[in-house]
Amino acid sequence: MRALFRKAYRDLTKRRLRSLLTIGAIAIGVAGIVAIVSTAQNLTRAQAAAYLNASQADISFWVWDAPLATERALADIPNIAQAELRNNYFTKCKWNGVFREVNFFGLQSFDGARVNQIRMLNRAPNAGEFVAEVTVRELFSTQPGETIQCRASDGSFRALTLAGFAQSPNYPTATILDFATVYANASDVQRLLGIGGANQALIKVDDILQARETADAAAKLLDRRGIPRGAPTIRDPLNYLGKRELDALFVLLTVFSIVGLVTSGFLVANTLAAMTAEQVGEIGTVKAVGGTRVQVLAIYLIASTLYGIFGTLAGIALGAFASWQLLAYIGGLLNLDSSLSISPEALALGASVGIGVTIFAGLIPSFAATGIRVKDALEAYGITSTYGRGWMDRVAQKMIALPPLAAMSLRNLARRKTRSLITTTVIAIAVATSLAAQSTSASVDAAIDGLFQTFHTDAWVWFDQWVGSNFVANFRAVEGVRAAEVWTLTDGWVEASRVRVWGLPEDTKMYAPRLIAGRWLQIGETDAVIVSTDLAQERNLRVGDSIEIELSDTRRAFRVVGITIDNSIFLGSRVAGKVFLPEEVVEKMQNREGWTTFFALGFDASDPATVEKRLGELAARFKKYQMGGGAAYREVRAAKEQSRILSFALYAMSLLIGAMGALGVLNTLTLNVLERRREIGILRAMGALDANLVQVFLTEGITMGLVGWLGGLAIGYPLGQLLLNLMQAVLFHIDYLVTPAMVLASLVFALALAILASLAPALAAARLRVGQVLRYE
């Protein structure tokens, strides 16, 4: 056995470049598995630690001008461990000469905060100062000591000075949100708001399973004290910020890692097949001196196992590095402190899959080697004598319309059919992943665009106090406002599923539903509801079914009259779906008939400059109502920014698979050069130039690239559909999109891959000289 091991090891080291390329392909597949498992476990652990260390709120309320004594009263409610009042104000500040959106959080005490804690990177702010979330430093190019001018609710501007930076896992980074999250003393934020109390209540509970009952008790206390409030927001213990997007990311990485491992298996099979072809004479010699089939089989299975071991070790190291980088990137986006720890499960899975795939891939060429007869082995050299007998060979020989060198290149591919087939298959897989990555990324962007096209709105505005529903006429009377409607956005429950409740006019002109079943709401209906497709799928709902919706303290039965495509797409979305009710019904369920705080607006133009101008004018006009606003174009931009990490993963993995395809072409053409050295010598003796030899092997590579591209188109479409189906299970409805530009891009990808991989062996063939190759044995 030791002699067989030494023989297998020498075979690997004899062709170092080929061995390194094969080991590299295995390492890429193993690295993907290790990185995915380790990153998923590390992020879960980091989020759990952040929840414990930052004491994230389990229940939050919007309140208005709540006195500090409310904090103590809430803390006395059973099951409430901590209760704190905060101030929150979203406004615009002139920062380095540019107006930027800023989200203020006001704390009574930075040292005494027990809920939604933040970690100070510098000192706590004094009166008239603030600290910014740390990623604001790079996004806004700002430093401590700078002063900003922030618009208060009354339209005036107040100066605040940046004291330093802070970090909190309660909110994602400015890169994702596209606005700055900052923290100041409560008194400073109250002055911006124009009130003397708090407008946010944060609650930490002892038993999260009793959170809904505790929220009801807190709501009743606020009502008894006459404090205006909104519906409670309850933390989902099985969810966390960005979990849905991360689940989609891991689904993508898993699929691409499986594809990578399959591709590496093809490369291992191709390498061992090439090795047995090169060593036909040695196999004959081994058998001639008494070697058995089992011993021949053992030589190549040992070689396959060594490939697997070396590739797995390299893959574990590469996977650890990839996990470290991925963890740092995702953790940075979500404001998580994360440390790398390679899990035993990741190591075990990577090793078993990496070694198992290579052994399995090596079985066919290993068994083929045992079937070589002594006589055939000792008489064989390079290309077998069977060439020209098959139909493919005869077709290749009849290609007389092509230039002689091009025709010879095509015939050469038919001489090693299995090798050429495996190589084109690897190229096809690489092209398929490239096409699937393009189509999936474009489909996600198109889904986001399509969702916002259902909104014929340019902005949404809200007040920090109740106004009559007829206040909408004031907006319609403003120059530049083409449309205005009263809407409601709040959270509710459908049995155990948390949902987003939308209250809209039955005859809305600012929302265009994409119904897939049933119809829209009709005027005068009080028991009809429209549900989104993701909620319908989760609850197995159909048109005509009855559901119970719990909103505030009211539970009512409704009849499903329609199902629409409008799914939650934002980072950290924790709802199962959406329900659409008549605005008047929602007002009645919340015991606020005729009162509202939220409006949808359409302007005379939808470009960003006009939208921002109109919002500024409205804020100044209605300043006494503490108006806040959000532009639709910013929501689209933020949603696409949140999907950026998915696109990054898609293209990164497709490039890695493409590298495997290039390795396959390089390996195949290198073997072809080695096998045909005598033919190259004969061509040289006949006067062939360097360019002629380069053309021969470059044509072979381009041909494999074109054939692989055609195969990739056939594989890429269903692969892209599979990726979208998997992503839809954790994200939202996505229509599959493939364009001619994507097909053309995949062709360019295939040709570039083939040409780049063919250059090295083609140039190597051109460097061979007549005397050198004709003496080759």
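Above this note sits the structure.
Residues numbered from 1 in each chain as written. Predicted model: local features only at pLDDT ≥ 70, side-chain atom pairs only at ≥ 80, totals over all residues. Heavy atoms only, no water.

Honestly, the overall build of the chain in this entry has me stumped. Any pointers?
When its secondary structure is counted, the chain shows 25 helices and 21 strands. By the burial criterion, 56% of the 777 residues in the chain qualify as buried. Only carbon and sulfur atoms are counted for the fraction: they give 60% of the accessible area of the chain, which is about 32,200 Å². (Helix = DSSP H or I, 4+ residues; strand = E, 2+ residues; numbered from the N terminus. Buried < 20%, exposed > 50% of the residue type's maximum accessible area, 1.4 Å probe, protein only. Areas by Shrake-Rupley, 256 points an atom, 1.4 Å probe, with all protein chains shown as cover.)

Help me understand the pattern of salt bridges, please; the structure alone is not making it clear to me.
Pairing of side chains with opposite charge becomes possible as their charged atoms draw close. Here the structure, examined in full by the defined rule, presents 18 salt bridges. Salt-bridge contacts for Glu129 lead to Arg123; the nearest nitrogen and oxygen are separated by 2.9 Å. Measuring nitrogen to oxygen at the nearest pair gives 3.6 Å for the salt bridge that ties Glu548 to Arg555. (Salt bridge = Lys/Arg side-chain N within 4 Å of Asp/Glu carboxyl O.)

Sorry if this is basic, but what is going on with helix H7 (residues 211–224) here?
Along an α-helix, a turn takes 3.6 residues, which lines up residues three or four apart on a common side. For H7, built from 14 residues, the straight-helix expectation of 20 Å at 1.5 Å per residue is met to within 8% by its first-to-last C-alpha distance of 20 Å. Those residues of H7 lying buried are Ala211, Thr214, Ala215, Ala218, Ala219, Leu221 and Leu222. Viewed end-on, H7 has its buried residues packed into an arc of 160°, placing them on one side of the element. Against the buried residues of H7 lie strand S1 (59–66), helix H3 (69–75), strand S2 (80–95), strand S9 (198–205) and strand S10 (233–234). At the C-terminal side of H7, Gly226 shows a positive phi close to 70°. (Expected span 1.5 Å × (residues − 1). Arc of directions from axis to C-beta. Contact = heavy atoms within 4.5 Å.)

Help me understand the nonpolar core in this model?
Soluble, globular proteins show a tendency: their nonpolar side chains are buried together. With 45 residues, the main nonpolar core has Leu253 and Leu723 as its most contacted residues. In terms of residue count, the dominant contributor to this core is helix H15 (residues 417–453) (ten residues). By size, the runner-up hydrophobic cluster in this structure holds 25 residues, among which are Cys150, Val189, Leu192 and Leu193. (Core = buried A, V, L, I, M, F, W, Y, C linked by side-chain atoms within 4.5 Å.)

For this particular structure, what's the right way to read the side chain of Glu506?
With respect to the element layout, Glu506 can be found in the loop between strand S14 (497–504) and strand S15 (515–518). For Glu506, which is buried and forms no salt bridge, the nearest opposite charge comes from Arg519, at a distance of 9.9 Å. Residues in contact with Glu506, not counting those within four places in the same chain, are Trp520, Leu521, Gln522, Ile523, Gly524, Glu525, Pro582 and Glu584. (Lys, Arg positive; Asp, Glu negative; His and termini not counted.)

Please clarify how the state of the cysteines should be interpreted in this entry.
What is meant by a disulfide is a covalent connection between two cysteines, made through their sulfur atoms. According to the stated counting rule, one finds one disulfide in the structure shown. Between the sulfur atoms of Cys93 and its disulfide mate Cys150 the distance is 2.1 Å. Taking the torsion about the S-S bond as the criterion, the Cys93 to Cys150 disulfide, at about 110°, is right-handed. One end of the pair, Cys93, is in strand S2; the other, Cys150, is in strand S6 (residues 147–151), with 57 residues separating them in the sequence. Note on Cys93: relative accessible area 0%, which makes it buried. (Disulfide = S-S within 2.5 Å.)

I keep staring at empty space enclosed by the protein and nothing clicks. Help me out?
Rolled over the atoms, a probe with the dimensions of a water molecule shows which regions are left empty. Going through the model one piece at a time under the given rule, you end up with seven cavities of 30 Å³ or more. Taken as a whole, the largest cavity holds about 180 Å³ of empty space. Along the walls of the largest cavity sit 16 residues, with Asp216, Pro232, Ile234, Trp493 and Ser552 positioned nearest its centre. (1 Å grid on protein atoms, 1.4 Å probe; cavity = no way out; pocket = protein on both sides within 12 Å on 5 of 7 lines; lining within 4 Å. Points joined across faces, edges and corners; volume = space filled by probe spheres on them.)

I'm lost on a positive patch on the surface in this one. Help?
A surface patch of like charges, here positive, comprises Arg72, Lys220, Arg224 and Arg225. When you line up the elements, Lys220 lands in helix H7. (Patch = residues over 30% accessible without salt bridge, like charges linked within 9 Å, V, L, I, M, F, W, Y side chains within 5 Å. Charge placed at Lys NZ, Arg CZ, Asp CG, Glu CD.)

Got a minute to help me understand the packing of aromatic side chains in this structure?
Evaluated as defined, the whole model comprises 29 aromatic pairs. Plain terms: the ring middles of Phe321 and Trp324 are 5.7 Å apart, the flat faces sit at 65° to each other, and that makes the pair edge-to-face. On the criterion of helical spacing, the pair formed by Phe321 and Trp324 is a turn pair, its members being three residues apart in helix H10 (residues 293–333). On the accessibility criterion, Phe321 (45% relative accessible area) is partly exposed. Ring-pair connections join several aromatic residues into one group, and the members of that group are Phe455, Trp460, Trp487, Trp502, Tyr511, Trp520 and Phe580. One cation-aromatic arrangement involves Arg100 over Phe140; the distance from NZ or CZ to the ring centre is 4.3 Å. Cation over ring: Arg137 sits above Phe165, and NZ or CZ is 4.7 Å from the ring centre. (Phe/Tyr/Trp six-rings, centres within 6.5 Å; stacked < 30°, edge-to-face > 60°. Lys NZ or Arg CZ within 6 Å of the ring centre and 35° of its normal.)

Please explain a nonpolar patch on the surface as it appears in this structure.
A cluster of nonpolar side chains, Ile755, Leu756, Leu759 and Leu763, forms an exposed patch at the surface whose accessible area comes to about 340 Å². Residue placement: Leu763 occurs in helix H24 (residues 740–767).

How should helix H6 (residues 186–193) be read in this particular structure?
For H6, a buried count of six out of eight residues is recorded, marking the element as mostly surrounded by other parts of the structure. Listing the buried residues of H6 in full gives Ala186, Asp188, Val189, Gln190, Leu192 and Leu193. Downstream of H6 by a residue or two, Gly194 has a phi angle that is positive, lying close to 80°.

Help me out: how do you make sense of the sheet that holds strand S12 (residues 481–486) in this one?
Strand pairing in a sheet takes place through backbone hydrogen bonds and is either antiparallel or parallel in direction. Read across the open sheet, the four strands follow the order S12-S20-S11-S21; overall the sheet is antiparallel. The open sheet has two edge strands with one neighbour each: S12 and strand S21 (628–631). Neighbour-to-neighbour, the strand axes of this sheet turn through a mean angle of 25°, independent of strand direction. Where S12 and strand S20 (residues 595–603) come together, five bridges link them in antiparallel fashion. Paired with Val481 across the two strands is Phe603, which belongs to S20. Its contacts with the sheet place helix H19 (residues 608–621) against strand S11 (459–468), S12, S20 and S21, and it is angled at close to 145° to S20. (Pairing = 2+ DSSP bridges. Axes fitted to C-alpha atoms, helices over the stretch in contact; angles between N-to-C directions.)

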